[in-house]
Amino acid sequence: MKEQSSRPPLAVFDLDGTLADTAHRQRFLESAPRDWDAFFAAAAQDPPLAEGVELALSSARECEVVYLTGRPERCRRDTVAWLAAHGLPEGRIWMRRNDDRRPARRTKLEVLRRLARDREIRVLVDDELVCEDAERAGFRVVRARWTAASPALRDAQEGEGRT
């Protein structure tokens, strides 16, 4: 049994569709081939999703907020700036390697299990597919149902491992 850490528990938040509204850039995923460079370049203009931001801010009262995203590492600078610009809590950001094309629900579950080795994970806030797998693995989840589901984004997550 692992020792209980004196550090606060973690609240783990996804970005796209949880904190950031990606609707304005979905068009880049609806064409063939998908324009991933444009999709990720437009992330800096994402409006915040009020429900997700409120949950992150309230979670920060008892937890250390961290971010677990399917965005590639090359988006780190824009992601850090976006979080700060929208008043979100500072926290570590886990991003996928630029060449990692596995589905987000697989890569995220790996990171969650690694984090859970020495920290309590109070909650994961993410989309349906990721939450489904995380819940099956024993994590407490909150499904980000405050934004419209995007079939193009879901296909990209599952089939192309891009976000």
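Below or above, wherever it landed, is the structure these notes cover. (Residues numbered from 1 in each chain as written. Predicted model: local features only at pLDDT ≥ 70, side-chain atom pairs only at ≥ 80, totals over all residues. Heavy atoms only, no water.)

1. Quick word on the packing of aromatic side chains
Taken as a whole, this structure holds three aromatic pairs when the rule is applied. Note on Trp36 and Phe39: the rings are 5.6 Å apart at their centroids and 85° apart in plane angle, and the pair reads as edge-to-face. Residue Trp36 and its partner Phe39 are both found in helix α1 (residues 36–41); the two are separated by three residues, about one turn of the helix. For the pair Trp36 and Phe39, a shared accessibility class is recorded, and that class is buried. Ring plane angle 25° and centroid distance 5.8 Å describe the contact between Trp36 and Phe40, whose orientation is recorded as stacked. Here Phe40 and Trp36 lie together in helix α1, a separation of four residues that amounts to about one turn. (Phe/Tyr/Trp six-rings, centres within 6.5 Å; stacked < 30°, edge-to-face > 60°. Helix = DSSP H or I, 4+ residues; strand = E, 2+ residues; numbered from the N terminus. Buried < 20%, exposed > 50% of the residue type's maximum accessible area, 1.4 Å probe, protein only.)

2. Quick look at helix α5 (residues 128–136)
An α-helical segment advances 3.6 residues per turn. Residues three or four places apart therefore align on the same side. For α5, the set of buried residues is Leu129, Val130, Cys131, Asp133 and Ala134. Sitting at the amino-terminal end of α5 is Asp127, which places a side-chain oxygen 3.3 Å from the backbone nitrogen of Leu129. Looking at the residues trailing α5, positive phi occurs at Gly138, about 100°. (Polar contact = N/O pair within 3.5 Å; in protein donor to acceptor, adjacent residues only side chain to side chain.)

3. Overview of the sheet that holds strand β3 (residues 93–96)
With respect to topology, five strands assemble into an open sheet ordered β3-β2-β1-β4-β5, the strand pairing being parallel. A single partner strand is all that each edge strand has here, and the edge strands are β3 and β5 (141–143). Averaged over all pairs of adjacent strands, the angle between strand axes in this sheet comes to 20°, irrespective of strand direction. Judged from the three bridges that link them, strand β4 (residues 121–126) and β5 form a sheet pairing that is parallel. Directly across from Asp126, in β5, lies its bridge partner Arg143. (Pairing = 2+ DSSP bridges. Axes fitted to C-alpha atoms, helices over the stretch in contact; angles between N-to-C directions.)

4. Considering the nonpolar core
Most often, soluble globular proteins keep nonpolar side chains buried together rather than apart. In terms of nonpolar packing, the biggest core is built from 25 residues, with Phe13, Leu19, Tyr67, Leu83 and Leu88 touching the most fellow members. Counting only elements with at least two residues in this core, the list comes to β1 (10–13), α1, α2 (50–59), β2 (64–72), α3 (76–85), β3 and β4. Here the element with the most residues in this core is α1; it accounts for four residues. Excluding anything up to four places from it in sequence, Leu83 contacts Leu15, Leu19, Tyr67, Leu88 and Ile93. Core analysis: the next-biggest nonpolar cluster, separate from the first, contains 17 residues, Leu10, Val12, Trp94 and Val130 among them. (Core = buried A, V, L, I, M, F, W, Y, C linked by side-chain atoms within 4.5 Å. Contact = heavy atoms within 4.5 Å.)

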